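Residue-level listing of the chains:
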Amino acid sequence: MSVSQRALGLFTIIIMTLFIVAGCNHENEDNPEDTNIAPPASDNLLLGRWGYSRLRHKNSGQWALKFGEIIFNEDGTGSNQWQQNNSGALQAVNNTFSYSVLKGSDGSFIITRLESDGSTKVDRYVLSDDGQALIVDGAATSDRQFLWVGVKIAEDTRFSLADLQGDYYGLDYRTFLNGTTSAGSSLINFDGHGEFTIQITFNRGSGLEQINDSGVYSVSASHQFMVGPFTGYFNANAKFGVASILNNDNIFNSHFYLRKADQSYDLADIEGQWAFVGFGDHDITNPNVRAEFGHINCDADGQCLFSLRIIRSDGTVDTIAVTEQLTLAADGSLSGGLVASSAPGYGAVVGSGGNIMLINTSTGFSDVNSEDRAIGLAIRCSECSSLILEQTVH
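As a starting point, this report considers the structure included with it. In this text, all values refer to a predicted model and were calculated from it rather than measured experimentally.

Secondary structure assignment for the chain yields zero helices and 27 strands. The proportion of buried residues among the 394 residues of the chain is 56%. Relative to all contacts within the chain whose residues are 6 or more apart in sequence, the contacts with residues 24 or more apart total 59%. Surface exposure of the chain reaches about 14,400 Å², of which carbon and sulfur atoms provide 48%.

Laid out in structure tokens, this is it:
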């Protein structure tokens, strides 16, 4: 959930002490707390192959997109291959690494990677309870903001067109080289034979707009779906997917899919602890980009406490706590609280067996923000708590 300066007067804001140790390149030396422990290799839940999309903005104005696969092996080695758009320069990159894992007392994982080029990178991950989604803290460094979301790829799964069939929710944030930004939500129907129709509602600076479109999709041998201009990875049951537009030097975007009504939902399906990442911008004439990280705690009545750390490209940092009253329909659509009455029914949703939330917090989708284009994603993490207070070095 994104919170703009204008929204601060609408809620009770709790300003806390924020511990950030500044570093270079958002990934540097690790400084874990004494309560962090290294899990045995057999208990390393991050093992395996992950498809991911990472959208990054630097305070200098530079945008970059990475989309690819990262593999964590049981022997402490791994590989990472991705396609990137770095300020309009397209490139394919491959590397290998060795890594170590420390599990924090707050439910997150600190992964230190020694890259094949000799550099050391440190990131803070959170894994969903069902082991199908992975997020990274993108709000821990003062000179950049980023959104990193991964989906577990099942090695023994071979998809067909029929595996992607029925209605899906979509969530997208993108920016262009000219500085224009857009955040949208969608309802997509895949026919199981290679064609889809889509209704998209988006905000690109002048209120909500809506379009209808159609296209074709295909399946590649590498567990990838090609949906219109998007290249995407889905998990084994095709309930959750991440995607980006590649081979276009003008676009930087992250897109997420969530199967609609994969089960019948009620409030019990959002009760408990969630980890949250958010990304967006404020003020179309003078964009201020921000990343958010934290947790959500929902009770049995749909009262959800959002505790978030927000870091912005203008150098400001906030730590906030906001309570929202949410309701949940049987098809997984959320309403009430931060969801505007004018928002389409697919603007804030729950899916993947009650393990993932997609929330569009742009102006028009949410009553919280003004002049915003922003999105958020939450994963169920029963062991997570106080994520905004963890002291981490990046």
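Across all of its chains, the model carries 15 salt bridges by this definition. Of the charged contacts, one joins E115 and R113 as a salt bridge, the two residues approaching to 2.7 Å between their closest N and O atoms. No difference in accessibility class separates E115 from R113, as the two residues are buried. In this structure, D172 and R174 form a salt bridge, with 2.9 Å as the shortest nitrogen-oxygen distance.

A complete count under the given rule lists two disulfides for this structure. One disulfide in the model links C381 with C384; its S-S distance is 2.1 Å. Across the S-S bond of C381 and C384 the torsion is about 75°, and the bridge reads as right-handed. Of note for the chain: the bonded cysteines, numbered N- to C-terminal, pair according to 1-2, 3-4.

Inspection of the secondary structure puts R309 in strand β20 (residues 303-312). At a separation of 3.4 Å, a polar atom in the side chain of R309 contacts the main-chain carbonyl oxygen of I388.

Spatially, β10-β11-β12-β13-β14-β15-β16-β17 is the arrangement adopted by the eight strands of the closed barrel, whose pairing is antiparallel. Strand-to-strand twist in this sheet, taken as the mean axis angle between neighbours without regard to direction, amounts to 30°. Relative to strand β13 (residues 208-219), strand β12 (residues 195-203) runs antiparallel, the two being bridged by nine bridges. Within β13, the position partnered with E195 by the bridge is V216.

This part is about the layout of surface pockets. Counted as a void, the largest pocket has a volume near 470 Å³. Lining the largest pocket are 24 residues, with R174, I198, I200, I211 and F230 sitting closest to its centre. Listing elements by their share of the lining of the largest pocket, those giving two or more residues are β10 (165-176), β11 (181-191), β12, β13 and β17 (251-259). Residues belonging to the lining of the largest pocket are distributed by class as follows: 12 nonpolar, eight polar and four charged.

What follows is about the packing of aromatic side chains. How two aromatic rings sit relative to each other is given by the distance of their centres and the angle of their planes. Under the defined criterion, the tally for this structure stands at 18 aromatic pairs. Both rings, one in W63 and one in F279, keep their centres 6.0 Å apart while their planes meet at 70°; by these two values the pair is edge-to-face. Of the two residues, W63 is situated in strand β3 (residues 63-72) and F279 in strand β18 (residues 272-282); the sequence distance between them amounts to 216 residues. Both residues of the pair, W63 and F279, belong to the buried class. Linked through ring pairs, F159, Y168, F190, F196, Y217, F225, F234 and Y257 together constitute an aromatic cluster.

Right, let's talk about unusual backbone geometry for a bit. Here the phi dihedral of N247 falls at roughly 60°; this positive angle occurs in a residue that is not glycine. Counting through the fold element by element, N247 comes out in the loop between β16 (240-245) and β17. The phi dihedral of S352 is positive, around 55°, even though this residue is not glycine. Among the secondary structure elements, S352 is positioned in the loop between β24 (348-351) and β25 (356-360). When its relative accessible area of 5% is taken as the criterion, S352 is described as buried.

Now for the side chain of E292. Checked against the element boundaries, E292 lands in strand β19 (residues 288-298). Among the polar contacts made by the side chain of E292, one reaches the side chain of R290 at a distance of 3.2 Å.

For the rest of this paragraph, the subject is the environment of F97. Relative to the elements of secondary structure, F97 occurs in strand β5 (residues 89-103). The spacing of F97 and S119 is 22 residues in sequence and 9.6 Å in space, taken between C-alpha atoms. Leaving out residues up to four positions away in the same chain, F97 has contacts with I70, I71, F72, G76, T77, G78, S79, N80, R113, L114 and E115.

With antiparallel pairing, eight strands are arranged side by side around a closed barrel as β2-β3-β4-β5-β6-β7-β8-β9. Pairs of neighbouring strands in the sheet enclose a mean axial angle of 30°, with direction left out of account. With 10 bridges connecting them, strand β2 (residues 48-58) and β3 associate as antiparallel partners. Within β3, the residue paired with Y52 across the bridge is G68.

Working note: regular strand, side chains alternate between the two faces of the sheet. Burial along strand β8 (residues 133-136) is two-sided: the face carrying A133 and I135 and the face carrying L134 and V136 are both buried. Looking at chain direction, strand β7 (residues 120-127) and β8 are connected through three bridges and run antiparallel. Paired with L127 across the two strands is L134, which belongs to β8. Hairpin connection of β7 to β8: five residues between the antiparallel strands, including G131 at a positive phi of 75°. Bridging between β8 and strand β9 (residues 144-153) involves four bridges; their strand directions are antiparallel. Along β9, the bridge assignment pairs L134 with G150.

Basis of the calculations
Residues numbered from 1 in each chain as written. Predicted model: local features only at pLDDT ≥ 70, side-chain atom pairs only at ≥ 80, totals over all residues. Heavy atoms only, no water. Helix = DSSP H or I, 4+ residues; strand = E, 2+ residues; numbered from the N terminus. Buried < 20%, exposed > 50% of the residue type's maximum accessible area, 1.4 Å probe, protein only. Contact = heavy atoms within 4.5 Å. Areas by Shrake-Rupley, 256 points an atom, 1.4 Å probe, with all protein chains shown as cover. Salt bridge = Lys/Arg side-chain N within 4 Å of Asp/Glu carboxyl O. Disulfide = S-S within 2.5 Å. Polar contact = N/O pair within 3.5 Å; in protein donor to acceptor, adjacent residues only side chain to side chain. Pairing = 2+ DSSP bridges. Axes fitted to C-alpha atoms, helices over the stretch in contact; angles between N-to-C directions. 1 Å grid on protein atoms, 1.4 Å probe; cavity = no way out; pocket = protein on both sides within 12 Å on 5 of 7 lines; lining within 4 Å. Points joined across faces, edges and corners; volume = space filled by probe spheres on them. Nonpolar A, V, L, I, M, F, W, Y, C, P; charged D, E, K, R; others polar. Phe/Tyr/Trp six-rings, centres within 6.5 Å; stacked < 30°, edge-to-face > 60°.

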